[in-house]
Amino acid sequence: MLPPETDLWNRVEQTAREVFGTFGFGEIRPPIFEPTELFARAVGGETDIVSKEMYTFQDRPADLPEQHKGFVVPEYARRVIVNFDRREIPHTEPNQNLIHELKEKLDRFEWVDKNLKAAKGSELVALFGEYETLYTELAQIVFVKFALGDLVSLRPEATASVCRAYIEHGMHALPQPVKLWYTGPMFRRERPQKGRYRQFYQIGAEVLEMVPPNQDPAKNIGKDAAVDAEVIEMVLAFFAKLGLEGVKLEINSIGDRECRTKYVELLRAELLKVKHKLGPDSQRRVETNPLRVLDSKLDSEQGIIAGLPKIADHLCANCAAQYAEVKRQLGMRGVAYAENWRLVRGLDYYMRTTFEITALGLGSQNAVCGGGRYDGLVELLGGQPTKGIGFAIGEDRLILSLQEASKGGVAQGRDVFVAWMGEKAQATAIAAAQKLRAAGFRVELPPVEQKFGKALGQADKLGARYALILGDDEIATGQWTVKTLASGEQRTVTAEDIVKFLQGEIEQ
Ligand code: AMP
């Protein structure tokens, strides 16, 4: 990413900061990598994200280099033992068992090594055989069997990290709900194409609220629905402020664990009847995750899917009441939406409200934001019962769409180009640049003097709005020449008035 496009990225992130701030959200900056376990538990081990797309590696102590790099095996084994005793290698059960074996074998190896020198004849042959065997066994233990560190992954999304932080930092003790937003890179091993990258950027937010003990789940349906609607309203306010075009919101309810489980069974039974007509991906999903069949874009499957049972007809009373209330709340906020019963989210943790937003000019990768409710995720990660709703915006796609509609508003490169000529003029040019920069203008000050024709040509290329012309006459009279590059208009302004003039306070 390069300028001037990065100006647009900054404007998008700054707008998010401002708009989300007006809704009471504070920024959280979670780490870029986390224990793999966190994502496996939160996102779900069976999902594509965790099973195929995560970038995962095994951590190891800082002073243990990669195997075979400048180490003989016994030396490496000694280091492993030192690090294990320092607890820099995880004390898992398999590691605890291995460490005994390693210590015994290393002692024996050292003994054999020492006695080898003096040995002769058949004793030498026997010891040498043992030396070789032990060497191989030690290598096996330290390079293959030992887990030198935990598995860590580049984050594929940030909701899991936000929930972990909520638990670790005792945020349940803060006034509830806790409202957090974030921005940063995410990583998924996907087939790269327009709008789909292996390192991509998300802007997201989460609302987390601990459930007081013994709370009747039915009682808070109205409150949850208002929170859901406000979160959606906030995304749309952000998009509106950016001037994003062709924004379409789709919503759905995917029920809770109970009614969805029943619905999924019903769906599976119906899908089994037509399984032979489905493509290979959907055939697999009938077994692993029937809901995902509804996601299918295959033309040949559309007719079949249209006839499947719809979740809206199978929601339990509480889920149905909440869905109805979300729609009412969106209406009160003037938010237009379409219902899409096929909108299911790829991640395991969603329940009830789900939504997706699409925008102009993105082709098949047109989802610019996805979100939903995930009550129970914090508890799954070891916290107390907590409600959650959040979304993630694909920032790359957001930018693509803004550029497509050329609402990018890519800021011009410079406000003022200082065209100066003559030795005396340089000091004045430097002082003028200092004064203008202090007032916040983006100023280009050429390091050496240029003929005015050349200077103005360069100012044009840089997209400057004004050229401040400083030559002998201007220095002598104190009347500076300002040229508006778009119109070619020129006027004179005194040094004192230059800032006010450029700020538009003096008639131009
Ligand atoms: P998800 O976390 O899968 O719900 O994705 C939320 C949003 O992130 C999507 O609607 C996309 O806009 C964006 N997104 C997801 N994966 C990618 C990717 N590989 N490249 C670019 N944007 C992505």
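Just so it is clear, the model here is predicted, and its values are computed rather than measured.

**Q** Hey, could you go over the overall build of the protein for me, with residue numbers and the actual values?
**A** Scanning the protein for helices and strands turns up 18 helices and 16 strands. For the protein, the C-alpha atoms occupy an extent of roughly 105 × 75 × 50 Å along the three principal directions. Among the 508 residues that make up the protein, the fraction classed as buried is 47%. Put simply, of all contacts in the protein between residues at least 6 apart along the chain, 70% involve residues at least 24 apart. In the form shown here, the protein has an accessible surface area of approximately 25400 Å², with 52% of it arising from carbon and sulfur atoms. Counting 65 positive and 71 negative side-chain charges, the protein places the averaged centre of each group 2 Å from the other.

**Q** Go over the pairing of strand S6 (residues 199-210) with me, naming the residues and quoting the values.
**A** With 10 of its 12 residues buried, S6 lies for the most part within the structure. Of the pairings in the sheet, the one linking strand S5 (residues 178-187) to S6 comprises 10 bridges and is antiparallel in character. Bridged to Phe187 within S6 is Gln199. Sheet analysis places S6 next to strand S11 (residues 386-394), joined by nine bridges and oriented antiparallel. What sits directly across from Ala205, in S11, is Phe391.

**Q** So what's going on with the environment of Ser401? Which residues, and what values?
**A** Relative to the assigned elements, Ser401 resides in helix H14 (residues 395-404). Sequence separation between Ser401 and Gly246 is 155 residues; the distance between their C-alpha atoms is 9.2 Å. Those residues within four positions of Ser401 in sequence are excluded, and the remaining contacts are Leu244, Glu245, Ala359, Leu360 and Leu362.

**Q** Pulling in residues and values, what's your account of the packing of helix H5 (residues 93-116) against helix H6 (residues 121-145)?
**A** Two numbers describe how H5 lies on H6: the axes approach to 9 Å, and their chain directions differ by 150 degrees. Taken together, the axes of H5 and H6 are roughly antiparallel relative to one another. Where H5 crosses over H6, the handedness of that crossing is left-handed. Of the residues in H6, those touching H5 at Leu98, Glu101, Leu102, Lys105, Leu106, Arg108, Phe109, Trp111, Val112, Asp113, Asn115 and Leu116 are Leu124, Leu127, Phe128, Glu130, Tyr131, Leu134, Tyr135, Glu137, Leu138, Ile141, Val142 and Lys145.

**Q** Could you give an account of helix H11 (residues 299-306), naming the residues involved and the relevant values?
**A** Of all the residues in H11, the buried ones are Glu301, Ile304 and Ile305. Along the axis of H11, the buried positions cluster into a sector of 100 degrees, meaning they face one direction only. Residues of H11 that are exposed and point over 90 degrees away from its buried face: Asp299, Gly303 and Ala306. The inward-facing, buried residues of H11 abut helix H10 (280-288).

**Q** Hey, could you go over the side chain of Ser161 for me, with residue numbers and the actual values?
**A** Counting through the fold element by element, Ser161 comes out in helix H7 (residues 159-168). With relative accessibility at 0%, the residue Ser161 sits in the buried group. Discounting chain neighbours no more than four positions away, the residues touching Ser161 are Pro30, Glu34, Leu38 and Phe39.

**Q** Tell me about the nonpolar core, and please be specific about residues and values.
**A** If you look at the biggest cluster of nonpolar residues, it comprises 91 residues, and the most contacted ones within it are Phe20, Phe238, Phe239, Phe391 and Leu398. Among all residues touching Phe239, those that are not within four sequence positions of it are Leu244, Val247, Ile357, Val368, Cys369, Ile393 and Leu398. Counting 26 residues, the second-largest nonpolar core is a separate cluster that includes Phe71, Val73, Ala77 and Phe84.

**Q** Describe the site of the ligand, with residues and values.
**A** The environment of the ligand is made up of 15 residues, and the closest members are Arg188, Glu190, Tyr197, Arg345 and Ala367. Arg188 places a polar side-chain atom, nitrogen or oxygen, 2.8 Å from an oxygen atom of the ligand. One nitrogen or oxygen atom from the main chain of Tyr197 is found 2.8 Å from a nitrogen atom belonging to the ligand. Burial of the ligand by the surrounding chains reaches 91%, relative to a free accessible area of 490 Å². Listing elements by their share of the shell around the ligand, those giving two or more residues are S6, strand S10 (367-373) and S11. Here the element with the most residues in the shell around the ligand is S10; it accounts for four residues.

What counts and what doesn't
- Residues numbered from 1 in each chain as written.
- Predicted model: local features only at pLDDT ≥ 70, side-chain atom pairs only at ≥ 80, totals over all residues.
- Heavy atoms only, no water.
- Helix = DSSP H or I, 4+ residues; strand = E, 2+ residues; numbered from the N terminus.
- Buried < 20%, exposed > 50% of the residue type's maximum accessible area, 1.4 Å probe, protein only.
- Contact = heavy atoms within 4.5 Å.
- Areas by Shrake-Rupley, 256 points an atom, 1.4 Å probe, with all protein chains shown as cover.
- Lys, Arg positive; Asp, Glu negative; His and termini not counted.
- Charge placed at Lys NZ, Arg CZ, Asp CG, Glu CD.
- Pairing = 2+ DSSP bridges.
- Axes fitted to C-alpha atoms, helices over the stretch in contact; angles between N-to-C directions.
- Parallel < 35°, antiparallel > 145°, perpendicular 65-115°, else oblique.
- Left-handed = near helix turned anticlockwise from the far one by under 90°.
- Arc of directions from axis to C-beta.
- Core = buried A, V, L, I, M, F, W, Y, C linked by side-chain atoms within 4.5 Å.
- Near = heavy atom within 4 Å.
- Polar contact = N/O pair within 3.5 Å; in protein donor to acceptor, adjacent residues only side chain to side chain.

Take it as geometry only, folks, not as evidence of what the structure does.
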